[in-house]
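Residue-level structural notes
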Amino acid sequence: MAKKPLISAVSMVMMLGAVLAGCGGGGSGDNGAGSPVSPPRATGPATSPPSPSGPPRFTADIKKVSRPDLKYSWREGCPVPVSGLRAIDMNHWGMDGKVHNGRLIVNASAAEELTGVFHKLFDRKYPIARMEPVDKYRGSDFDSIEANNTSAFNCRQATGSGSWSQHAYGLAVDINPCENPYVSADGTISHKDCVKYKDRSLDVPGLIHRGDKTVQAFADIGWGWGGNWTGVKDYQHFSSNGR
């Protein structure tokens, strides 16, 4: 009779050990063999950050620029001072279906509205091949077009004219200049890789059609499209005065 309490005490110790192990109460030596423990549930409003797998969102930052930023595209005598220009650093959809970062140099007075335009283009997943200041091409409009580069400010004269281009004011944007080429009155296109896009009935990424959502996005801020010109057609070109 004296041994019965001893057996009960041992059994109780063994049972207590099993309970502790089943609650995940082991320390650093826990080998994870027990059942997983559910984390506590939050009772307040959800404040978790957006899932990394969610759709990309448009981002933009308007910044001041300095003379070194415009080494080739600005010079003394330009119709707008450096202080009158801004850089819009923003993301955009590329021809590869991925989101890329770009920079557009524009007139300070138009920076906010243009940011809104490119926000619309982003939301519609309009693809842009690349977006770099023309200074990446030493101020060469020709080389920028050859690279199919979307750009804005460049202190130069209008093509075939002795007067300032709207680009010299930062009040014009050229978008996907290969898919949307400059076509002379005689039908000439200066960039051989872009000649095929003279056919405006093509349905290809980046090609702008009359009255489409890209044209409308610029029209919403009062900007005109070079594709509406008579004679010469500048399908890449949008400007504040329509020229």
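Looking at the overall build of the protein
Check the secondary structure of the protein and you find four helices and eight strands. In the protein, which comprises 243 residues, the proportion classed as buried is 40%. Within the protein, contacts between residues separated by at least 24 positions form 54% of all contacts whose residues are at least 6 apart in sequence. With the model as given, the accessible surface of the protein reaches about 14,300 Å², and the carbon-plus-sulfur share is 55%.

Details of the environment of Thr59
By secondary structure assignment, the location of Thr59 is in the loop between helix 1 (4–22) and strand 1 (60–64). Residue Thr59 is classed as partly exposed on the basis of its relative accessible area, which comes to 45%. Measuring from C-alpha to C-alpha, the distance between Thr59 and Asp89 comes to 8.2 Å, with 30 residues separating the pair along the chain. When residues no more than four places from it in sequence are discounted, the contact partners of Thr59 are Asp89, Met90 and Asn91.

What about the sheet that holds strand 3 (residues 99–107)?
Read from one edge of the open sheet, three strands run 1-2-3, paired in antiparallel fashion. The outermost strands of the open sheet, each flanked by one partner alone, are strand 1 and strand 3. The average undirected angle you get between the axes of adjacent strands in this sheet is 25°. Examined bridge by bridge, strand 1 and strand 2 (residues 85–93) share five bridges and lie antiparallel to one another.

Quick look at the sheet that holds strand 8 (residues 237–239)
Within a beta sheet, neighbouring strands are joined by backbone hydrogen bonds and run either parallel or antiparallel to one another. If you walk across this open sheet you meet the three strands as 4-8-6, and the pairing is antiparallel. The strands lining the two open edges of the sheet, one partner per strand, are strand 4 (172–174) and strand 6 (224–225). When strand 6 meets strand 8, the two strands line up antiparallel, connected through two bridges. Bridge pairing links Gly224 to Ser239 in strand 8.

Regarding unusual backbone geometry
Comment: phi is negative for the bulk of residues other than glycine, and the bulk of peptide bonds are trans. You will see that Lys125, though not glycine, has its phi angle at about 60°, which is positive. Among the secondary structure elements, Lys125 is positioned in the loop between helix 2 (111–123) and helix 3 (141–146). Positive phi values are uncommon outside glycine, yet Asn176 reaches one of about 40°. Locating Asn176 in the fold gives a position in the loop between strand 4 and strand 5 (182–183).

Some words on the state of the cysteines
For the structure shown, the criterion picks out two disulfides. For Cys178, the disulfide goes to Cys194, at an S-S distance of 2.3 Å. Looking along the S-S bond of the Cys178-Cys194 disulfide, the torsion reads about -110°, which is the left-handed sense. One end of the pair, Cys178, is in the loop between strand 4 and strand 5; the other, Cys194, is in the loop between strand 5 and helix 4 (213–219), with 16 residues separating them in the sequence. Sequential numbering of the bridged cysteines in the protein gives the disulfide pattern 1-2, 3-4.

Observations concerning the nonpolar core
Core analysis: the largest hydrophobic core is formed by 34 residues, its most contacted members being Phe118 and Ile175. Put simply, the parts of the chain that give this core at least two residues each are strand 2, strand 3, helix 2 and helix 4. Of all the elements, helix 2 adds the most residues to this core, at six residues. Residues in contact with Phe118, not counting those within four places in the same chain, are Phe58, Met90, Leu104, Ile128, Met131, Val173, Ile175 and Phe218. Counting residues in hydrophobic clusters, the runner-up holds eleven residues, among them Val65, Leu70, Trp74 and Val80.

Considering the side chain of Asn154
Topologically, Asn154 is positioned in the loop between helix 3 and strand 4. Residue Asn154 is classed as buried on the basis of its relative accessible area, which comes to 4%. Leave out the neighbours within four places in its chain, and Asn154 touches Ser73, Val134, Gly139, Asp141, His167 and Ala168.

What counts and what doesn't
Throughout this description, residue numbers start from 1 for each chain and increase along the sequence as written. With pLDDT at 70 or above as the cut-off, local features in this predicted model cover only qualifying residues; side-chain atom pairs require 80 or more to be listed or tallied, and sums for whole chains, interfaces and linings still use all residues. For side-chain calculations, the full set of non-hydrogen atoms in the structure is used, while hydrogens and water are omitted. Each helix is a run of DSSP H or I of at least 4 residues and each strand a run of E of at least 2, with the numbering of both proceeding from the N terminus. Exposure categories follow from relative accessible area, calculated using a 1.4 Å probe and restricted to protein chains: below 20% of the type maximum is buried, above 50% is exposed, and the middle band is partly exposed. It only takes one pair of heavy atoms within 4.5 Å for two residues to be counted as in contact. Per-residue and other accessible areas were derived by the Shrake-Rupley procedure at a 1.4 Å probe size, with only the shown protein chains allowed to occlude residues. A strand pair is defined by DSSP finding two or more bridges across the two strands. Angular values range over 0 to 180 degrees, each being the angle between N-to-C directions of two axes fitted as lines to C-alpha atoms, with helices fitted over their stretch in contact. Pairs of cysteine sulfur atoms within 2.5 Å are what we label disulfides. The criterion is simple. A nonpolar core is a set of buried Ala, Val, Leu, Ile, Met, Phe, Trp, Tyr and Cys residues joined through side-chain atoms within 4.5 Å.

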